[in-house]
Amino acid sequence: MATKDIRKAQQPVTEEVAHVLRTLGVPDSSWRNGTRPVRSPITGEVVAHVAEASARDVAHAVDRSIAAFEAWRTVPAPRRGELVRLLGEELRAHKAELGRLVTLEAGKIVSEGLGEVQEMIDICDFAVGLSRQLYGLTIASERPGHRMMESWHPVGPVGIITAFNFPVAVWSWNAALALVCGDSVLWKPSEKTPLTALAVQALFERAAVAFGGAPEGLSQLLVGGAEVGAALTDDTRVPVISATGSTRMGRIVGERVARRFGRSILELGGNNAAIVCPSADLDLALRGIAFAAMGTAGQRCTTLRRLIVNEGVYETLIPRLARAYGSVGIGDPREAGTLIGPLIDAAAYEGMQKALAEARAAGARIHGGERVLAAEWPDAYYVRPALVEIDSQIDIVKHETFAPILYVLRCAGLPEAIKLHNAVPQGLSSSIFTNDLREAETFLSAEGSDCGIANVNIGPSGAEIGGAFGGEKETGGGRESGSDAWKAYMRRATNTINYSRALPLAQGVSFDID
Ligand code: NAD
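Residues numbered from 1 in each chain as written. Predicted model: local features only at pLDDT ≥ 70, side-chain atom pairs only at ≥ 80, totals over all residues. Heavy atoms only, no water.

Test applied: UniProt positions are given in the numbering used here, feature names are shortened, and annotations may be inferred rather than shown by experiment.
Looking at an unreviewed UniProt entry, one finds the protein named aldehyde dehydrogenase (NAD(+)) and attributed to Starkeya nomas. Quoted straight from UniProt, the Sequence similarities (unreviewed entry) entry for the protein says "Belongs to the aldehyde dehydrogenase family." Here is the UniProt Subunit (unreviewed entry) comment for the protein, exactly as written: "Homotetramer."

1. Things to note about the site of the ligand
For clarity, the threshold we go by: We call a residue near a molecule or strand when any one of its heavy atoms sits within 4 Å of it. Between N or O atoms, a polar contact is any pair within 3.5 Å; within protein, one atom must be a potential hydrogen donor and the other a potential acceptor, and residues adjacent in sequence are included only when both atoms are from side chains. Only the protein chains shown count as cover for residues, with accessible areas throughout obtained via the Shrake-Rupley method and a probe of 1.4 Å. A cavity, in this analysis, means grid points on a 1 Å lattice covering only the protein atoms where a 1.4 Å probe fits yet has no way out; a pocket is instead an open set bounded by protein on both sides within 12 Å along at least five of seven lines, and a residue lines either one if it has an atom within 4 Å of a point. Pocket occupancy is defined atom-wise: a molecule lies in a cavity or pocket when more than half of its atoms are within 2 Å of its grid points. Strands here mean DSSP runs of E at least two residues long; helices mean DSSP runs of H or I at least four residues long; both are numbered from the N terminus. We call Asp, Glu, Lys and Arg charged. Ala, Val, Leu, Ile, Met, Phe, Trp, Tyr, Cys and Pro are nonpolar, and the rest, Gly among them, are polar. For the domain bounds, the source is a domain assignment made automatically or taken from a database.
Taken together, the neighbourhood of the ligand is formed by 30 residues, with T162, K188, E191, S246 and E400 sitting nearest. E400 has a polar side-chain atom sitting 2.6 Å from an oxygen atom of the ligand. Here the ligand loses 92% of its free accessible area of 850 Å² to cover by the protein chains. In this structure, the ligand is accommodated by the largest pocket. When contributions to the shell around the ligand are tallied by element, the ones reaching two or more residues are α8 (226-234) and α9 (247-259). Grouping the constituent residues of the shell around the ligand by class yields 14 nonpolar, eleven polar and five charged. Mapped onto the domain boundaries, the shell around the ligand takes at least three residues apiece from domain 1 (52-268 + 476-493) and domain 2 (272-465).

2. Observations regarding the domain arrangement of the protein
What counts, and what does not: Any two residues whose heavy atoms approach within 4.5 Å are treated as being in contact. A simple way to read buried area is as the amount of 1.4 Å-probe accessible surface that goes missing from two parts once joined, with both sides added.
Taken domain by domain, the protein comprises domain 1 (52-268 + 476-493) and domain 2 (272-465). In this structure, domain 1 and domain 2 have C-alpha centres spaced 31 Å apart. Listed as interface residues are 23 residues of domain 1 and, on the opposing side, 18 residues of domain 2. Interface of domain 1 and domain 2: buried area, both sides summed, is about 1,600 Å²; carbon and sulfur atoms make up 63% of it. Looking only at domain 1, the three residues that lose the most surface to domain 2 are I109, E112 and F164, adding up to 29% of its buried area.

3. So, the environment of L186
Our working definition: Burial here depends on accessible area, computed with a 1.4 Å probe over protein chains only, as a share of the maximum for the residue type. Under 20% is buried, over 50% is exposed, and the range in between is partly exposed.
Inspection of the secondary structure assignment puts L186 in strand β7 (residues 185-188). The class for L186 is buried, based on a relative accessible area of 0%. On a C-alpha basis, the gap between L186 and S111 in space is 29 Å, while along the polypeptide they are 75 residues apart. Apart from the residues within four sequence positions on either side, L186 is in contact with A61, V62, S65, P157, V158, G159, I160, Q220, L222, L232 and V238.

4. Some words on the sheet that holds strand β25 (residues 490-498)
Heads up, the rule is: DSSP calls a pair of strands paired once it identifies at least 2 bridges connecting them.
Here we have three strands laid out as an open sheet, ordered β4-β5-β25, and antiparallel in their pairing. Every interior strand has two partners, whereas the edge strands, β4 (138-139) and β25, have only one. One ladder, built from nine bridges, connects strand β5 (residues 146-154) with β25; its direction is antiparallel. Each residue of the ladder has a partner; that of H146, found in β25, is N498.

5. Some remarks on the UniProt feature "domain: Aldehyde dehydrogenase" (unreviewed entry) in the protein
Taken from the UniProt record, the annotation "domain: Aldehyde dehydrogenase" (unreviewed entry) applies to residues 35-492. The distance from the first to the last C-alpha atom of residues 35-492 is 43 Å, and the span holds 40% helix and 20% strand.

6. Side note on the state of the cysteines
Applicable threshold: Defined by distance alone, a disulfide is two cysteine sulfur atoms within 2.5 Å.
Counted under the stated rule, the structure contains zero disulfides. In this structure C124 is not part of a disulfide, and its nearest cysteine sulfur, from C181, lies 13 Å away. The class for C124 is buried, based on a relative accessible area of 1%. With no disulfide of its own, C451 lies closest to C301 among cysteine sulfurs, the gap being 12 Å. The class for C451 is buried, based on a relative accessible area of 16%.

7. Quick word on the layout of surface pockets
Rules: Grid points are joined across faces, edges and corners, and a volume is the space filled by probe spheres set on the points.
Counted as a void, the largest pocket has a volume near 1,300 Å³. In terms of lining, the largest pocket is formed by 50 residues, of which the most central are K192, G245, S246, R248 and M249. Elements supplying a minimum of two residues to the lining of the largest pocket: α6 (169-180), α8, α9 and α12 (346-361). Considering each element in turn, the lining of the largest pocket owes the most residues, seven residues, to α12. Residues lining the lining of the largest pocket come from more than one domain, with at least three contributed by each of domain 1 (52-268 + 476-493) and domain 2 (272-465).

8. Let's talk about the UniProt feature "active site" (unreviewed entry) in the protein
UniProt records the feature "active site" (unreviewed entry) for E267 in the present numbering. With respect to the secondary-structure elements, E267 resides in strand β10 (residues 263-267). Its relative accessible area of 5% is what places E267 among the buried residues. Excluding residues that lie within four positions of it along the chain, E267 makes contacts with A243, T244, G245, F469, G470, G471, T475, G478, R479 and E480.

9. Here we look at empty space enclosed by the protein
In the structure shown here, the tally under the stated rule is two cavities of 30 Å³ or more. Considered as a void within the structure, the largest cavity measures approximately 80 Å³ in volume. Forming the walls of the largest cavity are 14 residues, and the residues nearest its centre are A106, G107, K108, T296 and Q299. A breakdown of the residues in the lining of the largest cavity according to their chemical character gives seven nonpolar, five polar and two charged. Together, N271, N272, A273, R306, H421, V424, Q426, G427, L428, S429, D450 and C451 line the second largest cavity. Where the lining of the second largest cavity is concerned, the elements lending two or more residues are β11 (272-276) and β19 (426-427).

10. Observations regarding the sheet that holds strand β9 (residues 240-244)
To be explicit about the condition: With axes taken as lines fitted to C-alpha atoms, and helix axes fitted only over the stretch in contact, angles between N-to-C directions fall between 0 and 180 degrees.
Reading across the sheet, the five strands line up as β8-β7-β6-β9-β10 and stay open at both edges, with parallel pairing between neighbours. Looking at which strands have only one partner, the edges of the open sheet turn out to be β8 (219-221) and β10. With direction set aside, neighbouring strand axes in the sheet form an average angle of 15°. Judged from the three bridges that link them, β7 and β8 form a sheet pairing that is parallel. Pairing of V185 across the sheet is with S219, part of β8. The strands that α9 touches are β9 and β10; relative to β10, the one it contacts most, it runs at about 170°.

Written out as structure tokens, the structure reads:
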């Protein structure tokens, strides 16, 4: 397969990282002399050394977070919204630099780096409105002279553990809501992307100064690896842990939080599919599939990983898709025209090759998948996206490989397509391409997609912040971002108020004393 356009880096990465960090107001002391090296996936070079938190630092941060929570919970929610509004203003003012840092540290192409910051701005706007809408219900009481209602109260410090692939947006989905809900937040970013987290923390601190009177330690950053996340997970004083990452991580975190009766919001791996029906607009489907499967180099939780194509359109669609795969621009994500940047690291590349070898051994026809630009950057991992035609949904297809591999399966009709679609352990995002109303509605119905996100005539990736985001089964069941996801960051109290002079008991129980 010929690749039209492989692009090379033009500018040194390390200098640019230093420049952007300084522009964003990140102190040199936090990224120059620490113990943990940070690599840019663009060239694989080490661009910084960050300081790491110890278990004692985590405990101390929780102490501060509790003190901050106790002050913050008494601030009226609309006033709390003002802090989030100011954070949104900082993000607007620094969108270009922060988006650039996302590109430099996570390897996203420029428009996706900027898009990630836009998502942060959008959730801030959403949370500002929400700060005046933390509504509870009024409930009819069965007792005369009584009123029932629900109140929503701040719950306490919220621990936020995030993945490398949305290094800043996922924090904001959680933090913007938690802050207007009256909680303090503690953020353990991915060890692969601490620099963007340092930059966001600097912007938060500016917003806090502009706000005036935000408690010390309201939002804190804990840089480090899994052990820092584990210390946060095990701290009984942190009532909510929101953890985004692999199913492997979620299984550990979910169990540990449950053991201490904490609440966890789990946003884990996906294995997202799209069904293409005979009536589909194939031009539109092709564009939707290309972005969902190849965008972000296949490193989105919502990346399209399985394409289930009706046999009536298979021979028309797949050769066109293979051509699109062959002509996509791969290389330095900072370059105009690049659509596919690097994988995050060597382990991601090895995982991809292992999956392709398994598929090959099972008789799959593979287009692409090989490494490119290895001579120029031996420590960076660029790959051609892989299109894998396979006869059945073997084990490797049911597994999330976090790389640009799209498995293509043939099907005879919608019932078979839905069966294949749902026959994986994960349940994040899904879509159908069809112009048939019955097929679209069936896919969205109770007997259709079993995922947390189900779309018609768009791919499974690229969600808006207004909806609740998350998935079922091994994706963890958590919901973040829009709709009523805020409820997970508060505690609910049911209140019964007796304004009569009598004391009737519920269910007609009598208990009269003289
Ligand atoms: P990862 O699981 O390796 O790491 C995620 C975070 O968990 C990191 O901060 C890591 O340090 C921390 N961690 C790891 N082990 C831990 C432990 N035992 N205790 C506490 N913390 C621990 O994931 P990754 O490679 O950074 O990200 C890719 C994965 O994230 C993919 O599976 C992807 O689907 C998933 N993801 C899911 C969503 C979603 O909303 N569902 C969003 C983004 C990414």
